[in-house]
Amino acid sequence: MEILKLTGITQEFGGLRALDSIDMTVKQGQIYGIIGPNGAGKTTLFNIITGIYVPVEGTIHFHGQELKAMSPHKVAKLGIGRTFQNIRLFNKLSVIDNVRVGSHAINKSGFISDLFGLPLARREEGQIMIRAGRLLNLVGLYEKRDEYADNLSYGEQRRLEIARALALKPSLLLLDEPAAGMNASEKVELIELIYRIREEMKLTILLVEHDMNLVMNLCEIIAVLNYGRKIAEGNPEETKNNEAVISSYLGVEA
Amino acid sequence: MEAFLTQYIDAYYLRIFVLIGINIILALGLNLITGVTGQLSMGHAGFMSIGAYTAAILTMQYQAPFWAALLAGALLAAFFGFLIGIPTLRLEGDYLAMVTIGFAEIIRVFFLNFEPGGKAVGLYGMPPNTTFVLVWGIVIVVILLNAKLLDSRTGRALYAIRENEIAAEASGIDTTRMKVLAFTVGSFLGGLAGGLYAHYMSYIAPQDFGFMKSIEILNMVVLGGMGSIPGSILGAVILTIAPEMLRIVADYRLLFYGGLLVILMIFRPNGLLGDVRIYDIKKRWFKKEVG
Ligand SMILES: Nc1ncnc2c1ncn2[C@@H]1O[C@H](COP(=O)(O)OP(=O)(O)O)[C@@H](O)[C@H]1O
Ligand SMILES: [Mg+2]
């Protein structure tokens, strides 16, 4: 079943065409990789899916619903969680508060019930706390729950971003270079974590990553972007051997 | 209780305590907008004046009960906070600051020409309904509700907007709505403090609510520590007492505030209590015991 379908997505910044009619279909439960050189348009694609930019052309369907021109918080409420290439944590909030904020979308308590601590607010607070604790355990940050987010190491911050994104109970998770800045053992743990959350939370994952080893290991299907165009799509084996990919991207790395 | 207080406490000190209370309400209101949500507002005195004039006109010219006049002043200020909140949402930092300064200035000029408000002369002879007990009763309620709000889903969302707006949106927070909410509630408190002030001083004039007053309130929030309730309280206490205790401070207000901020930026950039948490204090003690 299709969970996300992009058709003809085109984006321009000034005169620059950052994305050129991208078609992409992501199926339920897939780990779908997007690779390509810097500036290829990968992050822009994520920003379009999550409502930060409205594309010049094209449509986005999520579970069959049109997302175009929907504001980011609404997209989040529909169940799309994401992390950022340039880490965007709530630095001067504690680790656990970062995750508690992450659950904003799935709760209802409003100003009045929060102001007076009405039953709705109290009931939700309990659940929010328990869930946040569980998610921190999952990413191995429970011991650091009271630290400020900006006291964490780089790898820990990336994992905290994943926990925060999971707090909104997404059905689709977008990870923008989750392994950037991680050492080898952290990368191994990350791969395990991604597998685990997909199984346990029945997630579909869309992932941008430069580490070829990680991408080839994790992803069932890979799209290759170059100068805003999708130049290839296929399983890891096909992608590795694709002529256009080797000359424009993989060749450079080797 | 009030009679007891006035009998045993020097009127001068009682007055300072009442002004501290009113300033705490002002600071907690602005703290919500600027300290917690991170929206730099430099026109808080404008909301205060709306509350002050509304309440004063209602009690004096319409014989409204004091509580109703206070509430009406606060609600009207909240309404203006709501209106200001909407266009300022697209603005950030310096631009937002300029719009809020402009707004407060427009309000001031409006009252300067407002016949029922006594124009430049202002209003005097308001019934002195604001008592020590009333002010501090309200202060306690405001502190408790503030604390409740900030430790809730709504409160965390406001802090998240200050910390990273894009990430807040991506977490499902309607940042537009939340910012308007912060402006509305913060202005409500500003208006409430204004009504109390008018019925304590029994005299108000447009110049009481000028740019300097806005800066004074902002200084309380910054000095105490952005986003911290104990910080805003401490800031209000210090900046109410300082000009009273030190004549030199009163005479060179501008210089004093400027100097204070510079010293603060150097030694405690997050304000006196801005980054003080029980957790960190505990950790420090624990580490000391171990080492
Ligand atoms: N907000 C923006 N304004 C102008 N140009 C942008 C903006 N965002 C991205 N770009 C440009 O679009 C292109 C694609 O960027 P990006 O999506 O970040 O690439 P990638 O994530 O693949 O490295 C780059 O040339 C970048 O400079
Ligand atoms: Mg990128």
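These numbers come from a predicted model, not from an experiment.

Colleague: Any details on the overall build of chain B? Residues and values, ideally.
Modeller: Helices and strands together make up the secondary structure of chain B, namely 14 helices and two strands. On C-alpha atoms alone, chain B measures out to a radius of gyration of 19 Å, which is about the 19 Å that the 2.2 N^0.38 rule sets for 291 residues. Within chain B, contacts between residues at least 6 apart in sequence are counted, and of these 79% link residues at least 24 apart. In chain B, the 20 positive side-chain charges and the 18 negative ones have mean positions that sit 6 Å from each other.

Colleague: Got a sec to walk through the overall build of chain A? Specific residues and values, please.
Modeller: A count of helices and strands for chain A gives 10 helices and 10 strands. Over its C-alpha trace chain A gives a radius of gyration of 19 Å, about what one expects of a compact globule, namely 18 Å for 254 residues. Over its C-alpha atoms, taken along the principal directions, chain A stretches across nearly 60 × 40 × 35 Å. Per-residue burial for chain A yields a buried fraction of 56% across its 254 residues. Taking the contacts inside chain A whose residues are at least 6 apart along the sequence as the reference set, 67% of them involve residues at least 24 apart. Here chain A has roughly 10,800 Å² of accessible surface; of this, 50% comes from carbon and sulfur atoms.

Colleague: An account of the domain arrangement of chain A is requested, with residue identities and associated values reported.
Modeller: Residues and elements named next belong to chain A. Looking at chain A, the domain boundaries give domain 1 (1–79 + 170–254) and domain 2 (91–169). With 21 residues of domain 1 at the contact, the number on the domain 2 side is 13 residues. Between domain 1 and domain 2, roughly 1,400 Å² of surface is buried when both sides are summed, and carbon and sulfur atoms account for 73% of that area. Across the domain 1-domain 2 interface, the total number found is zero salt bridges. Summed over the shared surface of domain 1 and domain 2, the result is one residue pair in polar contact (both at pLDDT 80 or more). Looking at the side of domain 1 that touches domain 2, the elements with two or more residues in it are helix H2 (72–77), strand E7 (172–176) and helix H7 (184–201). If one sorts the elements of the side of domain 1 that touches domain 2 by residue count, H7 sits on top with seven residues.

Colleague: An account of the pairing of strand E4 (residues 57–62) of chain A is requested, with residue identities and associated values reported.
Modeller: All names here are of chain A. The alternating pattern of E4 places Gly58, Ile60 and Phe62 on a buried face and Glu57, Thr59 and His61 on a face that is not buried. Note that strand E1 (residues 2–13) and E4 share five bridges and pair antiparallel. Each residue of the ladder has a partner; that of Thr10, found in E4, is Glu57. Of the strand pairs in this sheet, E4 and strand E5 (residues 65–66) are connected by two bridges, and their pairing is antiparallel. The partner of His61 across the bridge, within E5, is Glu66. Between E4 and the antiparallel strand that follows it, E5, lie two residues; His63 among them carries a positive phi value of about 50°.

Colleague: For the site of ligand 1, give the residues involved together with the corresponding values.
Modeller: Residues and elements named next belong to chain A. Every one of the 13 residues lining ligand 1 counts as a neighbour, but Gly39, Lys42, Thr43, Thr44 and Tyr53 are closest to it. Take Gly39: an N or O atom from its main chain is 2.8 Å from an oxygen atom of ligand 1. Interatomic distance of 2.5 Å between a side-chain N/O atom of Thr44 and an oxygen atom of ligand 1. A total of 560 Å² of accessible area belongs to ligand 1 in isolation, and the protein chains cover 63% of it. Among the secondary structure elements, those contributing two or more residues to the shell around ligand 1 are strand E2 (16–27) and helix H1 (42–49). The biggest single contributor to the shell around ligand 1 is H1, with three residues. Its residues assigned to classes, the shell around ligand 1 comprises six nonpolar, six polar and one charged.

Colleague: How would you explain the interface of chain A and chain B if you had to name every residue and give the values?
Modeller: Of the residues lining the interface, 37 residues belong to chain A; the matching set on chain B comes to 31 residues. A combined buried area of about 3,000 Å² lies between chain A and chain B, and 59% of that area is made up of carbon and sulfur atoms. Among the residues chain A hides against chain B, the three largest losses belong to A:His73, A:His104 and A:Phe111. Together they make up 21% of the total. For the pair chain A and chain B, the interface holds two salt bridges. A salt bridge links A:Glu125 to B:Arg156, with the shortest nitrogen-to-oxygen separation between them at 2.8 Å. At the junction of chain A and chain B, the tally comes to 11 residue pairs in polar contact (both at pLDDT 80 or more). If you list the elements that add at least two residues to the side of chain A that touches chain B, you get H2, helix H3 (95–102), helix H4 (111–116) and helix H5 (119–138) of chain A. Across the side of chain A that touches chain B, the residue classes tally to 15 nonpolar, nine polar and 13 charged.

Colleague: I'd like to hear about the coordination of the magnesium ion (ligand 2), residue by residue, with values.
Modeller: The expected angle between donors at a tetrahedral four-coordinate metal is 109.5 degrees. At an octahedral six-coordinate metal it is 90 or 180 degrees. Residue and element names in this part refer to chain A. Donor atoms from the polypeptide that coordinate the magnesium ion (ligand 2) comprise Thr43 (OG1) and Gln85 (OE1), at 2.0 Å from the metal. Of this pair, Thr43 sits in helix H1 while Gln85 is found in the loop between strand E6 (80–82) and H3, placing the two residues 42 residues apart along the sequence. Of the residues examined, Thr43 reaches a relative accessible area of 25% and is grouped as partly exposed. Owing to a relative accessible area of 26%, Gln85 belongs among the partly exposed residues under this scheme.

Colleague: So what's going on with unusual backbone geometry? Residues and values would help.
Modeller: All names here are of chain A. Positioned with a positive phi, Glu177 is a non-glycine residue whose angle comes to about 50°. The residue Glu177 is located in the loop between E7 and H7 in this model. For Tyr227, which is not a glycine, the phi torsion comes out positive at approximately 45°. Following the sequence through the fold, Tyr227 ends up in the loop between strand E9 (221–226) and strand E10 (229–234).

Colleague: Explain the packing of helix H6 (residues 154–166) of chain A against H7(A) residue by residue, including any values.
Modeller: All names here are of chain A. For the pair H6 and H7, interaxial distance at closest approach is 12 Å and the crossing angle is 5°. The angle between H6 and H7 falls in the class roughly parallel. The residues of H7 that touch H6, namely those facing Gly155, Arg159, Ile162 and Leu166, are Glu186, Leu190, Leu193, Ile197 and Met201. Of the residues belonging to the contact of H6 with H7, the class tally is six nonpolar, one polar and two charged.

The rules behind each value
- Residues numbered from 1 in each chain as written.
- Chains lettered and ligands numbered in written order.
- Predicted model: local features only at pLDDT ≥ 70, side-chain atom pairs only at ≥ 80, totals over all residues.
- Heavy atoms only, no water.
- Helix = DSSP H or I, 4+ residues; strand = E, 2+ residues; numbered from the N terminus.
- Rg over C-alpha atoms; globule rule 2.2 N^0.38 Å.
- Contact = heavy atoms within 4.5 Å.
- Lys, Arg positive; Asp, Glu negative; His and termini not counted.
- Charge placed at Lys NZ, Arg CZ, Asp CG, Glu CD.
- Buried < 20%, exposed > 50% of the residue type's maximum accessible area, 1.4 Å probe, protein only.
- Areas by Shrake-Rupley, 256 points an atom, 1.4 Å probe, with all protein chains shown as cover.
- Domains from an automatic or database assignment.
- Buried area = accessible area lost by both parts, 1.4 Å probe.
- Salt bridge = Lys/Arg side-chain N within 4 Å of Asp/Glu carboxyl O.
- Polar contact = N/O pair within 3.5 Å; in protein donor to acceptor, adjacent residues only side chain to side chain.
- Pairing = 2+ DSSP bridges.
- Near = heavy atom within 4 Å.
- Nonpolar A, V, L, I, M, F, W, Y, C, P; charged D, E, K, R; others polar.
- Donors = N, O, S within 2.8 Å, 3.2 Å for Na, K, Ca; no water.
- Axes fitted to C-alpha atoms, helices over the stretch in contact; angles between N-to-C directions.
- Parallel < 35°, antiparallel > 145°, perpendicular 65-115°, else oblique.

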